[in-house]
Amino acid sequence: MAQNNDSSSDAPLLRTPLHDLHVAAGARMVPFAGYEMPVSYPLGVLGEHLHTRDKAGLFDVSHMGQAVLSSKGSIAQQIEILVPGDIAALDAGHTRYTQLLNDKGGIRDDLMITRMPGEEGRERLFLVVNAACKEADFAHIDSSLGDARLDLLDNRALIALQGPAAFTVLEKLIPGCSEMAFMSWRAVSWNGASLFITRSGYTGEDGYEVSVPANNAVSFTEQLLADDAVELIGLGARDSLRLEAGLCLYGHDIDETTSPIEARLAWSISKRRRSEGGFPGAARIQRELHDGTTRKRVGILPEGPAPAREGTIVHAQDGDEIGIITSGGFGPTYGAPVAMGYVLSEYAATGTKLDLMVRGKARPATIAAMPFVPANFYRGK
Amino acid sequence: MSSEVKYTEDHEYVRIEGDVATIGISVYAQEQLGDVVYVELPEVGKSLGKGDEAAVVESVKAASEVSTPVSGDVIEINGELETTPGTVNEDAMGKGWFLKVKISDASEADGLMDEAAYNTFIEGLA
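One structure accompanies this document, and this report is about it. (Residues numbered from 1 in each chain as written. Chains lettered and ligands numbered in written order. Predicted model: local features only at pLDDT ≥ 70, side-chain atom pairs only at ≥ 80, totals over all residues. Heavy atoms only, no water.)

## Remarks on the overall build of chain B
- Scanning chain B from terminus to terminus reveals 4 helices and 9 strands.
- The linear arrangement of helices and strands in chain B, starting from the amino end, is β-β-β-α-β-β-β-β-β-α-α-β-α.
- Since a compact globule built from 126 residues should have a radius of gyration of about 14 Å, the 13 Å found for chain B is in line with a globular shape.
- Its C-alpha atoms put chain B at 35 × 35 × 25 Å along the principal axes.
- Working note: accessible area of chain B is about 5700 Å², and carbon and sulfur atoms make up 46% of it.
- When the 8 basic and 26 acidic side-chain charges of chain B are each reduced to a single mean position, those positions are 3 Å apart. (Helix = DSSP H or I, 4+ residues; strand = E, 2+ residues; numbered from the N terminus. Rg over C-alpha atoms; globule rule 2.2 N^0.38 Å. Areas by Shrake-Rupley, 256 points an atom, 1.4 Å probe, with all protein chains shown as cover. Lys, Arg positive; Asp, Glu negative; His and termini not counted. Charge placed at Lys NZ, Arg CZ, Asp CG, Glu CD.)

## A closer look at the overall build of chain A
- Helix and strand counts for chain A come out as 9 helices and 20 strands.
- Its C-alpha radius of gyration of 21 Å places chain A within 12% of the 21 Å reference for a compact globule of 381 residues.
- The dimensions of chain A, computed from C-alpha atoms along their principal axes, are 65 × 50 × 50 Å.
- Within chain A, the proportion of its 381 residues that are buried is 58%.
- Across chain A, every contact between residues at least 6 apart in sequence was considered, and the portion connecting residues at least 24 apart equals 66%. (Buried < 20%, exposed > 50% of the residue type's maximum accessible area, 1.4 Å probe, protein only. Contact = heavy atoms within 4.5 Å.)

## What about the environment of Gly204 of chain A?
Residue and element names in this part refer to chain A.
- With respect to the helices, strands and loops of the structure, Gly204 is situated in the loop between β12 (193–198) and β13 (207–213).
- Residue Gly204 is classed as buried on the basis of its relative accessible area, which comes to 4%.
- A C-alpha to C-alpha distance of 23 Å links Gly204 and Ile87, two positions 117 residues apart in sequence.

## Some remarks on the interface of chain A and chain B
- Of the residues lining the interface, 22 residues belong to chain A; the matching set on chain B comes to 24 residues.
- Inspection of the chain A/chain B interface yields 4 salt bridges.
- Two residues, Glu58 of chain B and Arg359 of chain A, come together in a salt bridge whose shortest N-O distance is 3.2 Å.
- Remark: the boundary between chain A and chain B carries 10 residue pairs in polar contact (both at pLDDT 80 or more).
- Of all elements in the fold, only β1 (2–3), α2 (45–54), α7 (235–244), β17 (321–331) and β20 (361–368) of chain A reach the threshold of two or more residues within the side of chain A that touches chain B. (Salt bridge = Lys/Arg side-chain N within 4 Å of Asp/Glu carboxyl O. Polar contact = N/O pair within 3.5 Å; in protein donor to acceptor, adjacent residues only side chain to side chain.)

## A look at the sheet that holds strand β7 (residues 107–119) of chain A
Residue and element names in this part refer to chain A.
- Taken in spatial order, the 5 strands line up as β6-β7-β8-β5-β9 in an open sheet, and their pairing is antiparallel. Each of the sheet's edge strands pairs with one partner strand only, and the pair in question is β6 (94–101) and β9 (149–152). The sheet shows a mean angle of 30° between the axes of neighbouring strands, taken without regard to direction.
- Relative to strand β8 (residues 122–129), β7 is paired through 7 bridges, and the arrangement is antiparallel. What sits directly across from Ile113, in β8, is Leu127. (Pairing = 2+ DSSP bridges. Axes fitted to C-alpha atoms, helices over the stretch in contact; angles between N-to-C directions.)

## A look at the sheet that holds strand β2 (residues 12–17) of chain B
All names here are of chain B.
- In spatial order, the strands read β1-β2-β3-β9-β8-β5; together these 6 strands make up an open sheet with antiparallel pairing. The open sheet terminates on both sides in strands that have one partner only, identified here as β1 (4–7) and β5 (47–48).
- Inspection of the sheet shows strand β3 (residues 20–25) paired to strand β9 (residues 99–103) by 4 bridges, in the antiparallel sense. Within the sheet, the bridge partner assigned to Thr22 lies in β9 and is Lys100.

## A few points about the pairing of β8 of chain A
All names here are of chain A.
- The buried fraction of β8 amounts to 7 of the 8 residues, a majority that puts the element mostly inside the structure.
- Of the strand pairs in this sheet, strand β5 (residues 65–71) and β8 are connected by 7 bridges, and their pairing is antiparallel. Bridge pairing in β8 places Gln66 opposite Val128.
- Counting the residues between successive antiparallel strands, the hairpin from β7 to β8 contains 2 residues, one of them, Glu120, with a positive phi of roughly 50°.

## Comments concerning the pairing of strand β11 (residues 185–190) of chain A
All names here are of chain A.
- Pairing analysis gives 6 bridges linking β11 to β12, with the strands arranged antiparallel. Residue pairing across strands places Arg186 opposite Ile197, the latter belonging to β12.
- From the end of β11 to the start of β12, which pair antiparallel, there are 2 residues, and Asn191 there has a positive phi angle of about 50°.

## Thoughts on the pattern of salt bridges
All names here are of chain A.
- For the coordinates displayed, the defined rule picks out 26 salt bridges over all chains.
- With a shortest N-O distance of 2.9 Å, Asp239 and Arg242 are connected by a salt bridge. Remark: Arg242 and Asp239 occur in helix α7; sequence separation between them is 3 residues, near one turn of the helix.
- For Asp239, a relative accessible area of 32% puts it in the partly exposed group.
- Here Arg242 falls in the buried class, since its relative accessible area comes to 1%.
- Overlapping salt bridges, with partners in common, bring together Glu80, Asp86, Arg272, Arg273 and Glu276 in one network.

## Structural notes on the side chain of Glu48 of chain A
- In this fold, Glu48 of chain A is placed in helix α2.
- Put simply, Glu48 of chain A is tucked away with no salt bridge, and the nearest opposite charge, on Lys61 of chain B, sits 8.7 Å away.
- Dropping the residues within four chain positions of it, Glu48 of chain A is found in contact with Ser40, Tyr41, Leu43, Leu232, Ile233, Gly234 and Ala237 of chain A.

## A look at unusual backbone geometry
All names here are of chain A.
- Looking along the chain, the bond that leaves Met370 and enters Pro371 is cis, with omega of 0°.
- Relative to the elements of secondary structure, Pro371 occurs in the segment after β20.
- Backbone geometry at Asn191 places phi at a positive 50°, although glycine is not the residue there.
- On the accessibility criterion, Asn191 (62% relative accessible area) is exposed.
- In this model, Arg264 sits at a positive phi of 60°, which is unusual for a non-glycine residue.
- Along the chain, the position of Arg264 falls in the loop between α7 and α8 (271–276).
- According to the relative accessible area criterion, Arg264 is partly exposed, its value standing at 39%.

Given below as structure tokens:
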């Protein structure tokens with residue numbers, strides 16, 4: 001039985017503050033973005049996925065890059081030369097999803113930016129970027145924004161708690177967090193430690209991402225795990241959960257060659273930023289917003305039971321090659337294979353019939369709206 | 001009829017009864033894969049050479065090829081796996097078998113590991 005594993009370099013792997021806790025819980029550890037990370041626990045990917053949608057899953061995402069970017073001037077305006085998101089309009093305590101773009105309007109990385117309350121006359125942003133891109137991202141931000149200061153938060157873990165029971169669980173530790181709106185942020189003190197709590201996530205469920213000082217990460221995690229509703233969830237289920245939610249995985253569904261418009265992330269670019277431009281590749285993005293793109297990211301549902309994996313070629317029914325799958329697998333909650341990828345825009349309408357070339361055989365599939373499983377975000381009372 | 005189970009280093013097993021070989025994946029293999037969600041089997045009558053891809057087994061995470069350790073024509077497939085692929089996890093060595101071939105060269109099984117040798121082999125992988 002031969003398995004195609006993502007290979008990685010031989011450099012020694014880094015460990016997160018929760019490493020020993022994962023091993024003690026029986027996790028299968030794998031190399032991921034230079035870290036030794038849990039891909040699954042004894043519950044298994046399927047069980048972990050379903051548990052997260054049913055109750056609450058705890059994910060160690062400490063490999064992701066965290067930093068505070070600050071300046072004496074308006075750092076929110078300054079960072080807009082790198083990203084198309086409307087950061088200047090972001091109020092303190094709110095979080096936005098955006099992308100670091102290259103000069104061609106391709107995506108260097110996608111990230112979350114939070115406006116923190118100012119401190120000592122400095123305007124501050126809290127950034128969370130992808131693990132595999134973090135060194136390059138931070139070097140790019142640091143060299144592009146002259147008088148800004150970038151403080152890396154290497155001494156913090158990042159723990160996601162996701163699922164319909166997440167708010168009742170976290171409320172017991174952090175009173176008041178259940179009232180936070182989706183994409184809002186708070187700094188709170190817990191047992192003397194400073195936590196940053198964002199109501200967001202990467203599963204399509206309600207939940208939180210909590211930045212915890214490394215020294216407090218184990219005790220904080222153990223307190224959450226003491227609740228019967230909470231199970232540890234590995235990267236395997238994290239991937240199937242985000243795929244069902246229709247969310248992009250950097251390096252797969254988006255990369256240096258895809259623009260946010262092709263990737264159907266135009267919702268993350270405000271009216272002001274569209275008209276004013278002023279970010280890398282703005283000319284391409286404004287043109288694509290006006291004229292459309294030749295290819296688009298779409299949801300794809302294989303009709304049969306065979307999953308279509310990343311790299312699967314997409315054909316029109318007449319046999320022409322029209323695209324490629326960028327993420328694909330089995331959706332445990334959906335109960336069947338699900339996929340996303342890029343197709344020529346004339347084939348991107350929901351309901352369009354296609355063929356997926358899996359192991360040399362054409363297998364019928366249909367373009368479908370995403371998410372595949374309805375999102376369950378908390379929008380406030 | 002007496003039967004003999006042998007294993008490959010890629011974690012396929014072959015149970016040999018007379019000139020019929022039943023092929024599947026080992027208990028260790030299904031543990032490594034996790035929850036099996038799809039199995040693709042060959043057509044009955046297909047002629048397979050030693051090492052040819054005989055089936056594909058897919059978990060939530062990934063697809064893996066299953067090769068036949070012995071040459072022969074496919075005489076039966078386990079159609080139940082189409083509707084209940086999880087049987088591979090529950091009973092890999094029994095009801096979770098994949099296919100049966102009519103062995104064309106019995107000597108091909110000689111180079112495979114027996115149960116004891118395979119157990120030593122997987123201990124070395126830990």
